[in-house]
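Survey of secondary and tertiary structure
One letter stands for each residue in the lines below.
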Amino acid sequence: MKRRAVSVCLVFAMGVIGSLELLPARPSFASWVGSNCSPNHTGIVHYRRKDAQAYAAVARSEGYEWGGGCWNDNNRDDTPGQPDSNGEGPDCSGFVFKTWELRNAVGDNGFTWYDKLENVHGKSVTTDYKYPVGSDPFVRLPDKKRTTTQYMDAFSSDTHVAMLWSWAPPSDNTDYVVEALGDAYGTDIFIEPYRFDARYVGVRRKNWTPDCYPRCNHPESLVRVP
Ligand SMILES: [Ca+2]
Ligand SMILES: [Ca+2]
């Protein structure tokens, strides 16, 4: 696990938020994204928190790119020291979008799986996560108590968003979170104090399929012995 020094995930300029659909819009010619990424996605019906955690785990030790959304699985930043170059990695809000399998259509709470190598950011930015409206596929939690949050819920401020990685905290005043933190840090699990930082609120994706699926109605079969 890594401890970060400063929070550097960026928020999009307000003037462009309304026009965001799929990012980045910058030319991909001769870029890492242009050479490595291609669309590959499909709608799915059942999506569990543990599936989202497994999805996020693939992005560990990969890059970070502002407005980005494409990464591979070689456990290194393929475009180090080249910020804003259509390089490897998601940014903080794009990482949540793909990990939560969100969709761009307003009022659509369904799930779409995006391959890690599809360069999609999605329309949601940090302020969307912090201030959900009724049609959003996520809601703000009433508080950030450990008894309230579940893993793969998010902590969002105006300028950053991260997902809770595990139930067990590293200390009383921190959590393990998985986040796209910045060009210098990449995407990984970090120890963070967001739960206790008043700038952050708790956010939950709607419509999770329970982790017990598809055997939720047969718990006794797991413990019965002959
Ligand atoms: Ca980068
Ligand atoms: Ca990589």
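This text gives an overview of the structure that appears in the document. (Residues numbered from 1 in each chain as written. Chains lettered and ligands numbered in written order. Predicted model: local features only at pLDDT ≥ 70, side-chain atom pairs only at ≥ 80, totals over all residues.)

**Here we look at the overall build of the protein**
Helix and strand counts for the protein come out as five helices and eleven strands. In the protein, buried positions account for 41% of the 226 residues. Looking at the protein alone, contacts between residues at least 24 apart form 70% of all its contacts between residues at least 6 apart. (Helix = DSSP H or I, 4+ residues; strand = E, 2+ residues; numbered from the N terminus. Buried ≥ 20, exposed ≤ 12 C-beta atoms within 10 Å, placed from the backbone. Contact = placed C-beta atoms within 7 Å.)

**Brief notes about the environment of E65**
You can see E65 is positioned in the loop between α3 (49–58) and β3 (69–70). Taking the C-alpha atoms as reference, E65 lies 6.6 Å from P83; in sequence the two are 18 residues apart. Contact partners of E65, with chain neighbours within four places excluded, come to G87, E88, G89, P90 and D91.

**Here we look at the environment of T148**
With respect to the element layout, T148 can be found in the loop between β6 (138–140) and β7 (154–156). Distance from T148 to G202, taken between C-alpha atoms, is 9.1 Å for residues 54 residues apart in sequence. The contacts of T148, once residues within four sequence positions are left out, are L141, P142, D143 and G202.

**Regarding unusual backbone geometry**
Each neighbour pair has its own omega, and for Y213 with P214 the value is 5 degrees, a cis peptide bond. Structurally, P214 can be placed in the segment after β11 (201–205). Of note, N75 is a non-glycine position whose phi angle comes to about 60 degrees, a positive value. Of note in the backbone geometry, N86 takes a positive phi value of approximately 60 degrees without being a glycine. Tracing the backbone shows N86 in the loop between β3 and β4 (89–90). Assessed through the 23 C-beta atoms surrounding it within 10 Å, N86 is described here as buried.

**Notes on the nonpolar core**
Looking at soluble globular proteins, one finds that nonpolar side chains tend to be buried together. Ranked by size, the top nonpolar core spans 39 residues in total, and within it V96, A154, F155, A162, M163 and V177 carry the most contacts. Taken together, the elements giving at least two residues each to this core come down to α2 (32–36), α3, α4 (92–99), β7, β8 (161–164), β9 (175–182) and β11. Residue contacts for M163: discarding those within four places in its chain leaves A56, V96, T99, M152, D153, A154, V177, V178 and E179. (Core = buried A, V, L, I, M, F, W, Y, C linked by C-beta atoms within 7 Å.)

**Some remarks on α3**
Of all the positions in α3, only D51, A52, Y55 and A56 are classed as buried. Seen end-on, α3 carries its buried residues on one side only, within an arc spanning 135 degrees. Residues of α3 that are buried in the fold lie against α4, β8 and β9. (Arc of directions from axis to C-beta.)

**Topic: α4**
Within α4, eight of the eight residues are buried, which leaves it mostly tucked inside the rest of the structure. Among the residues of α4, those classed as buried are C92, S93, G94, F95, V96, F97, K98 and T99. One or two positions beyond α4, positive phi appears at E101, with a value near 55 degrees.

**Some details on the pairing of β9**
Across the eight residues that make up β9, a large majority, seven, are buried. In terms of strand pairing, β8 meets β9 through two bridges, oriented antiparallel. Considered in β9, the bridge of L164 is made with V177. Sheet topology note: the β9/strand β10 (residues 186–192) ladder contains seven bridges and is antiparallel. The partner of D175 across the bridge, within β10, is E192. (Pairing = 2+ DSSP bridges.)

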